[in-house]
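Here is what each chain is made of, one letter per residue.
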Amino acid sequence: MKILKPLIGSAVLILLVLAGNRKLGSLPPIMRFVEPYFGFWQNAEVEDMTASNIAVFGLNEGSEVVFDDRGVPHVFAKNEHDLYFLQGYLTARDRLWQMEFQTHAAAGRISEIVGEKALEFDLEQRRIGMTYAADQAMQLIEKDEKSMLVLQAYADGVNQFISELDDRSLPLEYKLLDYTPEPWTPFKSALLLKYMAKMLTGTERDRPNTEALKLLGEEMFWKLYPDQTYLDDPIVPGFEVKAEATDSLSGSEQASVSGTWHTDEIQPHFVGSNNWAVHGSRTESGNPILCNDPHLRLSLPSIWYEIQLNGPGINCYGVSLPGSPGITIGFNEKIAWGVTNAGRDVKDYYTIDLTGNNYTIGGKKYEVTPRIEEIKIRGKEPVVDTVLYTEYGPIAYSENGQNLALRWLAHDASNELMTFYEMNRASSFEDYSSALRHYNCPGQNFVFADVNNNIAIWQQGKFKLKETGYGKFILDGADASNLNEQFIPKDQNPHMLNPERGFVSSANQAAVDSTYPYYVSGVYEEFRNRTINRYLRADSSITLLDMQELQLSNFNMLAEEALPLLLAYLDTTEFQYKEYELLALNELREWNYSNDRGIIAPTVFEIWWDEFQNLLWDEFNEQHWDQDMYYRYSMEQMDKDGKAKVDMRDKRYVYPNNKIAIDLLKNDPQHIMFDHHATNNKIETAKDIVYDAFYWTSMKFGDIIKYKISAPHWGHYQGTKVQHLLRLDAFSSKKLFVGGSEHAPNATTSTHGPSWRMIVDLDPNGVKAYGVLPGGQSGNPGSKNYINSLENWSKGEYHRLNFLSSPEQLQENWIVQTFKPLAE
């Protein structure tokens, strides 16, 4: 017995050790993860960066990197290779896991890391042709020596950092998910840019429009879903195209879809941004001022990486995409630029009638080209999927007995990298214009200003020359006319230089008015742009502080236009739930239409507008509920913040835009859409729907207060949170007490918002700039620089951006690291 007990104890210990070094379901090997010298503790115990000399393989000459007090690297290199090598090295040092995880996502390879739970996601990335798009881009990039030098140098820098990693220094997420990084390649950088193209072109409406047309009929459809070029305040009002230019397009701008062109969910929030530039004639300093704040999903690590690049022919500061060389949004000593999403439709879907592997177009028989996609799944056998490529592109979806081929302009060969390479070095409007010639997809609005007091904006992308209505619905793939494509020349894309009004701006609105000779389709924002332009028109002595105030403005023009109409229709004599109905009503009557964080009125309005839209557009909901069902939906299916957990909308449809709802309220209160299908013995009008929506709003609002589901103030109810890419609370921010609205210049929602705020004063005596990220420089949750700027961002504070001309410009608490070449 004395021998047996130690033997049993030893056996148990051996079993614990063996089990602790194996994955248990989705958990990492526990022993290795908690081991004090190599596990996650090493990521938590981050030492402060120190001045040092670092020898690395791959450098050609010595270089210096200044790190300021926020950990932003200012790279000073003697040659171009070393500049991009160090950008890759430093970005990987701070963000390696983020870079690789996002490119795995783009390639449809997440199942390799997390198992079969990601299979459907991976299948979709393969079927919409993400890696195919990157392959096409690389075929063009590889022909350009400069592009390959930059991409390869960047990749070599990333790989040098990877080679220095050991179990102790491996980023935390690799330990948590129990895998290791693979070598970086130029292809991965190309793939990352296509991933951004997917994110920014996810608002196509071909399929929802086709379903809505079936449901509504043609007359009603066009009333509710008109082409949106009628919207107020376009980006380039009155843009003129020379008459002779529209008669024919140059051969370089023509394309045929002949030969093999060897989804996608609709964005839950509008992916948009703001940018503008003000001429010196309208600023207090006499210098032009440029502003940009791209609105994207708020995530940790931050989607952008702040950096300065100084080398032969370049001294540039701004933010880059981790995984892509160069600076995407920023400024140099002569110019500044920023981007917003154009919202243009660059995807078309075509029905394909397959017989075996064959289909016809215009009576001619074609054969699909199969592309074999093997998806590796952690812990399982691989899944093999065959994606069929047609003359239009891959058959991305098969639904309702239809095969839908996707023609996406991101599949075309392009080299957007060179746009940013040249923009980083630009010194004039001519340089800026020239840099844009490389840019194809996704369509973007590039704003510009320079120290010579020029301002400009240019909507750039590869846009089809379409007949009116083309691409609004799913198209007949058998029609041979689809194969003849032409594209609008770059110089005929909407743009303007130094307009008389003294400013240029974009906020995802329509680019042009009815004077533009080409058909334009897309999905646009209707309110932010008018708020911004109203402000810019009113002030002729603009300061940097004014521009901060405008970026941070919570003014909600949707509320300004909709709320007076709602209140006018509301019959207060019929109140049934009086305590909370009167409380809600009083809040709204005293409101100034600003979604500020510390007030209650925005909460009431946002609930009321959502309830109103659900009742108005009940034809588009998955089922027509009666009042009891609606009550359960409103009251019981709420999370702890009072928001509905169940979305009753039929995913086949997209509601008409807010402007249509306002127009119906204002001009057609008897319209048939106000009739509520849950009541068979009555035909409702706007008055009825407004009251019913307010009744349910007061019920929900009352429950929020009575049961303390959340504080009723907008900053609490909105519940903005910056989540880690793995959606792990331990690595995410707490809920932030901030204001904003998707219809306000400060377009902050629960999940999206300004991913980088930047303001640049183009002073000829020295450019001054301010900016802030909703996070920090480091991707390591254990680092002091992981979320060190999030509080500043939440409070509306900016950092002065330290734009250096030499590494000698040190300040207190800054350090310099010297990088030297290490011989093989």
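Definitions and limits used
- Residues numbered from 1 in each chain as written.
- Predicted model: local features only at pLDDT ≥ 70, side-chain atom pairs only at ≥ 80, totals over all residues.
- Heavy atoms only, no water.
- Helix = DSSP H or I, 4+ residues; strand = E, 2+ residues; numbered from the N terminus.
- Buried < 20%, exposed > 50% of the residue type's maximum accessible area, 1.4 Å probe, protein only.
- Areas by Shrake-Rupley, 256 points an atom, 1.4 Å probe, with all protein chains shown as cover.
- Core = buried A, V, L, I, M, F, W, Y, C linked by side-chain atoms within 4.5 Å.
- Contact = heavy atoms within 4.5 Å.
- Polar contact = N/O pair within 3.5 Å; in protein donor to acceptor, adjacent residues only side chain to side chain.
- Salt bridge = Lys/Arg side-chain N within 4 Å of Asp/Glu carboxyl O.
- Phe/Tyr/Trp six-rings, centres within 6.5 Å; stacked < 30°, edge-to-face > 60°.
- Lys NZ or Arg CZ within 6 Å of the ring centre and 35° of its normal.
- Pairing = 2+ DSSP bridges.
- pLDDT = per-residue confidence, 0-100.
- Axes fitted to C-alpha atoms, helices over the stretch in contact; angles between N-to-C directions.
- Parallel < 35°, antiparallel > 145°, perpendicular 65-115°, else oblique.
- Left-handed = near helix turned anticlockwise from the far one by under 90°.
- Nonpolar A, V, L, I, M, F, W, Y, C, P; charged D, E, K, R; others polar.
- Expected span 1.5 Å × (residues − 1).

Focus on the overall build of the chain
(1) Moving on: Counting its secondary structure elements, the chain contains 25 helices and 30 strands.
(2) Moving on: Relative to its full complement of 824 residues, the chain shows a buried share of 61%.
(3) Moving on: With the model as given, the accessible surface of the chain reaches about 33000 Å², and the carbon-plus-sulfur share is 50%.

Digging into the nonpolar core
(1) Moving on: Core analysis: the largest hydrophobic core is formed by 130 residues, its most contacted members being Trp304, Phe331, Tyr432 and Phe819.
(2) Moving on: By residue number, the principal contributor to this core is helix H4 (residues 80-107), which donates 14 residues.
(3) Moving on: Not counting residues within four places of it along the chain, the set of residues in contact with tyrosine 432 comprises Met423, Ala426, Phe446, Val447, Phe448, Ala456, Ile457 and Trp458.

Considerations on the side chain of serine 783
(1) Moving on: Tracing the chain through its elements places serine 783 in the loop between strand E28 (768-772) and helix H25 (790-795).
(2) Moving on: Of the polar contacts made by the side chain of serine 783, one reaches the backbone nitrogen of asparagine 785; its length is 3.0 Å.

Regarding the pattern of salt bridges
(1) Moving on: Under the definition given, this model contains 32 salt bridges.
(2) Moving on: For glutamate 611, the salt bridge is made with lysine 700, and the minimal N-O distance between the two is 3.2 Å. Within this pair, whereas glutamate 611 is found in helix H20 (residues 601-616), its partner lysine 700 is found in helix H23 (residues 686-706), the two being separated by 89 residues in sequence.
(3) Moving on: Owing to a relative accessible area of 7%, lysine 700 belongs among the buried residues under this scheme.
(4) Moving on: Connected through shared salt-bridge partners, Asp348, Arg407, Asp412, Lys462, Lys464 and Glu485 make up one network.

A closer look at the packing of aromatic side chains
(1) Moving on: Throughout the structure, instances matching the rule amount to 37 aromatic pairs.
(2) Moving on: Ring centres of phenylalanine 420 and phenylalanine 446 lie 6.4 Å apart, and the angle between their planes is 40°; on these two criteria the pair is classed as tilted. Taken together, the residues span a long stretch of sequence, with phenylalanine 420 in helix H14 (residues 417-425) and phenylalanine 446 in strand E19 (residues 444-450) at a distance of 26 residues. The pair phenylalanine 420 / phenylalanine 446 is uniform in exposure class, with both members buried.
(3) Moving on: The rings of Phe221, Trp222, Tyr225, Phe473, Trp617, Phe620, Tyr653 and Tyr655 are connected pair by pair, giving a single aromatic cluster.
(4) Moving on: When the ring centre of phenylalanine 463 is taken as origin, the NZ or CZ atom of arginine 344, which lies over that ring, is 3.8 Å away.
(5) Moving on: Positioned above the aromatic ring of tyrosine 421 is the side chain of arginine 425, whose terminal nitrogen or guanidinium carbon lies 3.7 Å from the ring centre.

A few points about the environment of aspartate 68
(1) Moving on: Inspection of the secondary structure assignment puts aspartate 68 in the loop between strand E2 (63-67) and strand E3 (73-76).
(2) Moving on: Aside from chain neighbours lying at most four places away, what touches aspartate 68 is His74, Asn802 and Trp814.
(3) Moving on: Among the polar contacts made by the side chain of aspartate 68, one reaches the main-chain amide nitrogen of arginine 70 at a distance of 2.9 Å.

Notes on helix H16 (residues 528-538)
(1) Moving on: Taken together, the buried positions of H16 are Arg528, Asn529, Arg530, Thr531, Ile532, Asn533 and Leu536.
(2) Moving on: Residues of H16 that are buried in the fold lie against strand E5 (273-278), strand E6 (289-297), strand E24 (503-506), helix H17 (544-551), helix H18 (557-569) and helix H22 (658-667).

Quick look at the sheet that holds strand E18 (residues 402-408)
(1) Moving on: Ordered by their spatial adjacency, four strands build an open sheet running E17-E18-E12-E21, and the pairing between neighbours is mixed. Each edge of the sheet is formed by a strand with only one pairing partner; in this case those strands are strand E17 (395-399) and strand E21 (475-476).
(2) Moving on: Across six bridges, strand E12 (residues 347-352) lies against E18 in antiparallel orientation. Bridge pairing in E18 places threonine 351 opposite leucine 404.

Here's the deal with the pairing of strand E30 (residues 815-821)
(1) Moving on: The element E30 is largely enclosed, with a buried count of five among its seven residues.
(2) Moving on: In the sheet, strand E1 (residues 52-56) pairs with E30 via five bridges, with the strands oriented parallel. Considered in E30, the bridge of isoleucine 54 is made with phenylalanine 819.
(3) Moving on: Where E2 lies against E30, five bridges are found, and the strand directions are antiparallel. In the strand pairing of E30, valine 66 is matched with valine 816.

Observations regarding the confidence of the model for the chain
(1) Moving on: A residue-level look at the chain finds 86% of positions with pLDDT of 70 or above and a mean pLDDT of 88.
(2) Moving on: Throughout residues 244-269 the model reports pLDDT below 50, and contacts reaching past four residues in sequence, or to other chains, amount to 82 contacts.
(3) Moving on: Contacts of residues 623-642 to residues separated by more than four positions or lying in other chains number 50 contacts, the stretch itself having pLDDT below 50.

Focus: the environment of lysine 795
(1) Moving on: Turning to its location among the elements, lysine 795 is positioned in helix H25.
(2) Moving on: A C-alpha to C-alpha distance of 9.6 Å links lysine 795 and leucine 552, two positions 243 residues apart in sequence.

Describing the sheet that holds strand E20 (residues 455-460)
(1) Moving on: One open sheet holds the 11 strands; their spatial order is E1-E30-E2-E3-E8-E9-E10-E11-E19-E20-E23, and the pairing between them is mixed. Lying at the two open borders of the sheet, with one neighbouring strand each, are E1 and strand E23 (495-497). When the angles between neighbouring strand axes are averaged without regard to direction, this sheet yields 20°.
(2) Moving on: Two strands pair when backbone bridges link them, and E20 and E23 are joined in this way by three bridges, in the antiparallel orientation. Across the sheet, residue isoleucine 457 finds its bridge partner in E23, namely methionine 496.
(3) Moving on: Across the sheet, H14 touches strand E9 (314-320), strand E10 (329-332), strand E11 (335-341) and E19, and the angle it forms with E11 is around 150°.

Re the packing of H20 against H23
(1) Moving on: Where H20 contacts H23, the two axes come as close as 8 Å, and the packing angle between them is 135°. Relative to H23, H20 is oriented oblique. Between H20 and H23 the crossing geometry is right-handed. Contact with H20, carried on its side by Val604, Ile607, Trp608, Glu611, Phe612, Leu615 and Leu616, involves Ile689, Val690, Asp692, Ala693, Phe694, Trp696, Thr697, Lys700, Phe701 and Ile704 of H23 and no other residues of that element.
(2) Moving on: Of the residues that constitute the contact of H20 with H23, the class distribution is 13 nonpolar, one polar and three charged.

Remarks on helix H10 (residues 186-200)
(1) Moving on: Helix length check: H10, at 15 residues, gives a terminal C-alpha distance of 22 Å against a target of 21 Å (1.5 Å per residue), a fit within 8%.
(2) Moving on: The element H10 is extensively covered by neighbouring structure, given that 12 of its 15 residues are classed as buried.

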